Amino acid sequence: MFLRRPRALAAWLAGARGGGLLALLANQCRFVTGLRVRRAQQIAQLYGRLYSETSRRVLLGRLWRRLRGRPGHASALMAALAGAFVWDEERIQEEELQRSIDEMKRLEEMSHVFQRSGVERHPSEPKSQTEGNEDLGGKEQPWEMVMDKKHFKLWRRPITGTHLYQYRVFGTYTDVTPRQFFNVQLDTEYRKKWDALVIKLEVIERDVVSGSEVLHWVTHFPYPMYSRDYVYVRRYSVDQENNVMVLVSRAVEHPSVPESPEFVRVRSYESQMVIRPHKSFDENGFDYLLTYSDNPQTVFPRYCVSWMVSSGMPDFLEKLHMATLKAKNMEIKVKDYISSKPLETGSEAKATTPSSERKNEGSCGPARIEYA
């Protein structure tokens, strides 16, 4: 148009030199800003329908605190608001796996606690109720023996600054292999069959970088309490050279799993399982170390919660053991997570939904192990 009207073009340029160009740029900035504000309002309205006010505050607060001061933090926050899980912040790192393994090594070096003959007390447990407690300050509390059986020992210690306990279990099994026990623990579909407390257990998303998985787990709690649901990330590692297996889990927030009024969301949850074979992954006999803590959001006194956990953990581990025996004796097919890790196979390396995951397993999925 301006080519056909040179006078109009000249007049426009003359006006631009007098401030018209700046005004045009300012109008363009206002237009773009207005679009982004409206987009943010639409996202906020969407999440307002999906999440409760408390859930939104917790989710956004955690994201903002973690991303604040980092390059690209605003874009990462908008990605989370748009429904994308920020794996860079939530995946389980190698350091977390190694810390669990190092803890087991440290205990092995301090005593013979992991020998099949058993032990009398935890290596870090004081010899008396008061010894070693004078200068604890903000340091970790000593372990206290709760249960002492031939092949099963349970300790607990207070979590500093809270009313909760952290629990540690050492156990030994000699009638199943480490591979069988590890696979049964990881197989979500099989757990729905042997664990009657499970209401829902699904893999929500998988990380192609680390192999970490986000799961949604809904479980019954003792009457008259409401059922609890957990959203957590887990990652496992099998170290053939050092003859050790490790599984680490902790609670996270995921945009696709909003809080439900039907369940009580458990937001504080951590679990580390380390397995040390007596010989190899495929020969009977292994020791395991389980460290666990969570906040079940109950109104019961501390001793009641401690009793529930102290009695519930042995029960769960025995059910896991019996499920492994059943899979072994009845030759139930269970996914072999050791020989077919997600990062080592093309079909399993994609972030999939639970339904497509099971479909991949049935068609071109990983090898399975038959317990004979």
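Residues numbered from 1 in each chain as written. Predicted model: local features only at pLDDT ≥ 70, side-chain atom pairs only at ≥ 80, totals over all residues. Heavy atoms only, no water.

**Section: unusual backbone geometry**
Backbone phi values are negative for most residues with the exception of glycine, while trans is the configuration of most peptide bonds.
Item 1. In the segment running from Tyr-223 into Pro-224, the intervening peptide bond is cis, with an omega of 10°.
Item 2. Position of Pro-224 among the secondary structure elements: in the loop between β5 (213–219) and β6 (228–239).
Item 3. Of note, Asn-243 is a non-glycine position whose phi angle comes to about 55°, a positive value. (Helix = DSSP H or I, 4+ residues; strand = E, 2+ residues; numbered from the N terminus.)

**Overview of the pairing of strand β2 (residues 152–158)**
Item 1. For β2, the buried fraction is high: six of the seven residues fall into the buried class.
Item 2. Bridge count between strand β1 (residues 144–149) and β2: five bridges; the pairing is antiparallel. Counted as the bridge partner of Glu-144 is Arg-156 from β2.
Item 3. The antiparallel hairpin formed by β1 and β2 contains two residues in its connecting segment.
Item 4. Here β2 pairs with strand β3 (residues 165–173) via seven bridges, running antiparallel. By the bridge assignment, Phe-152 is partnered in β3 with Gly-171.
Item 5. The hairpin turn running from β2 into β3, its antiparallel successor, is six residues long, and Gly-161 in that turn takes a positive phi close to 85°. (Buried < 20%, exposed > 50% of the residue type's maximum accessible area, 1.4 Å probe, protein only. Pairing = 2+ DSSP bridges.)

**Digging into the environment of Pro-314**
Item 1. Residue position: Pro-314 is located in helix α8 (residues 302–329).
Item 2. For Pro-314 and Lys-153, which are 161 residues apart along the polypeptide, the C-alpha to C-alpha distance reads 9.3 Å.
Item 3. Apart from the residues within four sequence positions on either side, Pro-314 is in contact with Met-147, Phe-152 and Val-309. (Contact = heavy atoms within 4.5 Å.)

**Observations concerning the nonpolar core**
Item 1. Counting 44 residues, the largest nonpolar core has Val-169, Phe-182, Met-273, Ile-275, Tyr-288, Met-313 and Leu-317 as its most contacted members.
Item 2. Look past the residues within four positions of Val-169 in its chain and what remains in contact with it is Phe-152, Lys-153, Leu-154, Tyr-288, Leu-289, Leu-290, Met-313 and Leu-317.
Item 3. Within the second largest apolar cluster, 18 residues are counted, among which are Trp-87, Ile-204, Val-248 and Val-257. (Core = buried A, V, L, I, M, F, W, Y, C linked by side-chain atoms within 4.5 Å.)

**Some details on the pairing of β3**
Item 1. The buried fraction of β3 is high, at nine of nine residues.
Item 2. In β3, alternate side chains face the same way, and those of Tyr-165, Tyr-167, Val-169, Gly-171 and Tyr-173 on one face and Gln-166, Arg-168, Phe-170 and Thr-172 on the other are all buried.

**What to know about the packing of aromatic side chains**
Item 1. Tallied over the entire structure, the rule returns 15 aromatic pairs.
Item 2. Between Tyr-173 and Tyr-288 the ring centres are 5.6 Å apart and the planes differ by 20°, which places this aromatic pair in the stacked class. Here Tyr-173, found in strand β3, pairs with Tyr-288, found in strand β10 (residues 286–294); they are 115 residues apart in sequence, far enough to count as distant.
Item 3. Using a relative accessible area of 10% as the deciding quantity, one classes Tyr-173 as buried.
Item 4. Taken together, a centroid distance of 5.9 Å and an interplanar angle of 35° make the contact between Trp-194 and Phe-316 tilted. Taken together, the positions of Trp-194 in helix α7 (residues 188–194) and Phe-316 in helix α8 put the pair 122 residues apart, joining distant regions of the chain.
Item 5. With relative accessibility at 14%, the residue Trp-194 sits in the buried group. (Phe/Tyr/Trp six-rings, centres within 6.5 Å; stacked < 30°, edge-to-face > 60°.)

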